[in-house]
Amino acid sequence: MEIPFFVHPFIVLFFFFLLFLFVIFFFLKTNFLCNCEICQAYLATSWSENFCNLCDWYTHLLRKSPTKTIHIHVLRNTITANPDNVEYILKTNFENYPKGKSFSSILGDFLGRGIFNVDGDSWRFQKKMAILELGKQPIRSYCFEIVRHEIDSRLLPLLSSVSAAGDAVVDLQDVFRRFAFDCICKFSFGLDPMCLELSLPMSDFAVAFDSASKLSAQRAMAVAPFIWKIKRMLNLGSERELKQAIKLINILAQEVIRQRRKIGISAGRDLLSQFMRTVSDETYLRDIVVSFLLAGRDTVASALTSFFWVLSTHPAVASAVELEADRVIGAGCDPINSDQIRKLYYLQAAIFESMRLYPPIQFDSKFCKNDDVLPDGTFVRRGTRVTYHPYAMGRVEEIWGSDCLEFKPERWLKDGGFCPANPFKYPIFQGGFRFCVGKEMAVIELKTVALSLIRQFRFRSVTPCVAPPRFSPGLTATFFDGFRVYVDENEKKSK
Ligand code: HEM
């Protein structure tokens, strides 16, 4: 039998030598032996005795900290929930806090040179184009049409069929992920993966995309990054899976780009067709669009899942949403354009309040380029990861008042209108230069879906909704056990 090349004694010796060098380098570079209470609790995972999620433990520490900043030395990570620091990192001293090489190497294989994963000129170029394209009225209308069509032709029929089946159960999180994937693929590529068809089919593309984002996120969780780098070098385990998933995404993306070129880009209303007018490099086009898929899929699904999870224990909020819609749009009338949706201030307040407590992106990190001092006096050494933590910020009394843990849409309303929060106090869509370009579209999408479902159904959770829910580790907040519900027709609608 032939011996695989990597079992050759010299290769094995060389591998262990490399491993030894990596380990020495790792111990020199990190404070892995830090003895402080927080680092010990982190390393021994003893925090999990009292907290359901790592983000809840961080929140507890941040709430207690006088500066609202803490350090996890073993991760070389400074974490802050202080709005002054957040403004400083994202705006005032933006150039000193890029995403950095560590982040781009973690997501590099999956996202390539896409906007999410680059700094400097490449980021500036894509950001300018994205703002220009997403700001155009035709593309916004196109987005609204896609969302409406997906709701009417797939989402409502699917949930009606569950409701008609009596005590059938559906995982609302799974439904929203499928919904959001169909929408963002149509919007970005002009491609319909049909994930939300009645039979809930598994699309190869969606599976590969899921797998690539999950496995890339796992790299970010590693205390010792050299381990995934070695696994990648040897094409082993999760790194082998990641490679296969990315290969499938690339094949599909290339095919879509070729098809688009064949048909002609002038007729296409999707984002890819718009970008193809300026960019000709196929790999770059693939990277640009894949970043949009990542940005616009899990975030939207996460926001919808938590919103309906919160709503299941706040039925009065659902009734208030209905009342407002009847007044603004008309009882029994569907919204005909995004302007009508925009005027639903109470609904917007309810969604923003839900994202305050359950942000789709719970934390976000940058890397400090040169030694610096944050506005709260915290010294940050060059190379340190600096994380701002929207999940914790939503629970800080000094920011939101003594009722910060309560779900109160009213806190967003003033004189009958919606009153936005300072983006550094509420960085759910990030503030400063790297703000989310999809924010307006996302808000219209969330409101349109939420309204359609509230008017037609009521959801009862299969298990009691005990806060906080347990989250899976990953780039976007995902409920560990999904959100399984019974679906009832809204009594008001059935009368
Ligand atoms: C509830 C929904 C959404 C939330 C909470 C959200 C949140 C965010 C956040 C926190 C960032 C900063 C990420 C970082 O730099 O690491 C971001 C960036 C971005 N988002 Fe969103 N997003 C949402 C929906 C969307 C949608 C629907 C799109 C696309 C149509 C989109 C496109 C983008 C893009 C392109 C960026 C990169 C901006 C840059 O790097 O300058 N987002 N988003």
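Everything that follows concerns the structure shown earlier in this document.
All of the points below concern the structure found in this document. This is a predicted model, so every value here is computed, not measured.

**Side note on the overall build of the chain**
- What the chain contains, in helices and strands, is 20 helices and 13 strands.
- On C-alpha atoms alone, the chain measures out to a radius of gyration of 23 Å, which is about the 23 Å that the 2.2 N^0.38 rule sets for 495 residues.
- In terms of its C-alpha atoms, the chain occupies a principal-axis envelope of roughly 75 × 60 × 45 Å.
- Here the chain holds 495 residues, and 40% of them are scored as buried.
- For the chain, contacts bridging at least 24 residues in sequence account for 73% of all contacts bridging at least 6.

**Examining the site of the ligand**
- Looking at the ligand, there are 23 residues lining it, with Ala295, Gly296, Thr299, Cys436 and Gly438 nearest.
- Looking at the shell around the ligand, the elements with two or more residues in it are α6 (120-134), α13 (282-311) and α19 (439-456).
- For the shell around the ligand, the leading source of residues is α13, giving seven residues.
- Looking at the shell around the ligand residue by residue, the class counts come to 15 nonpolar, five polar and three charged.

**A closer look at the pairing of strand β7 (residues 385-388)**
- When strand β2 (residues 77-80) meets β7, the two strands line up parallel, connected through four bridges. From the neighbouring strand, Asn77 faces β7, where its bridge partner is Arg385.
- Pairing of strand β4 (residues 364-367) with β7, which is carried by four bridges, proceeds in the antiparallel orientation. Across the sheet, the residue bridging to Ser365 is Thr387, located in β7.

**Re helix α11 (residues 237-263)**
- Its 27 residues give α11 an end-to-end C-alpha distance of 40 Å, which sits within 8% of 39 Å, the value for a rise of 1.5 Å per residue.
- Along α11, the residues that are buried comprise Glu239, Leu242, Ala245, Ile246, Ile249, Ala253, Val256 and Arg260.
- Where α11 is buried, its residues meet α5 (100-111), α8 (172-189), α9 (204-221), α10 (226-234), α12 (271-276) and α13.
- In the stretch just after α11, Gly264 is the one whose phi turns positive, near 105°.

**Things to note about the sheet that holds β2**
- Taken in spatial order, the four strands make up an open sheet running β1-β2-β7-β4, and their pairing is mixed. Each end of this open sheet is capped by a strand with a single partner; those strands are β1 (69-72) and β4. Direction aside, the axes of adjacent strands within the sheet are offset by 25° on average.
- Sheet topology note: the β1/β2 ladder contains four bridges and is antiparallel. Following the sheet pairing, Thr69 is matched in β2 by Thr80.

**What about α13?**
- Spanning 30 residues, α13 covers 44 Å between terminal C-alpha atoms, matching the ideal 44 Å at 1.5 Å per step.
- The element α13 is extensively covered by neighbouring structure, given that 27 of its 30 residues are classed as buried.

**Remarks on the sheet that holds strand β10 (residues 457-461)**
- Sheet architecture is open: three strands sit in the order β3-β13-β10, paired in antiparallel fashion. Across the chains shown, the open sheet's two edge strands, defined by having one partner strand only, are β3 (169-171) and β10. Neighbour-to-neighbour, the strand axes of this sheet turn through a mean angle of 45°, independent of strand direction.
- Its contacts with the sheet place α8 against β3, β10 and β13 (484-489), and it is angled at close to 50° to β3.

**Notes on the nonpolar core**
- Counting residues in hydrophobic clusters, the biggest one holds 113 residues, and the most contacted among them are Ala212, Val289, Leu304, Val321 and Ala450.
- Those residues within four positions of Ala212 in sequence are excluded, and the remaining contacts are Phe110, Leu242, Ala245, Ile246 and Ile249.

Rules and cut-offs
Residues numbered from 1 in each chain as written. Predicted model: local features only at pLDDT ≥ 70, side-chain atom pairs only at ≥ 80, totals over all residues. Helix = DSSP H or I, 4+ residues; strand = E, 2+ residues; numbered from the N terminus. Rg over C-alpha atoms; globule rule 2.2 N^0.38 Å. Buried ≥ 20, exposed ≤ 12 C-beta atoms within 10 Å, placed from the backbone. Contact = placed C-beta atoms within 7 Å. Near = placed C-beta within 6 Å. Nonpolar A, V, L, I, M, F, W, Y, C, P; charged D, E, K, R; others polar. Pairing = 2+ DSSP bridges. Expected span 1.5 Å × (residues − 1). Axes fitted to C-alpha atoms, helices over the stretch in contact; angles between N-to-C directions. Core = buried A, V, L, I, M, F, W, Y, C linked by C-beta atoms within 7 Å.

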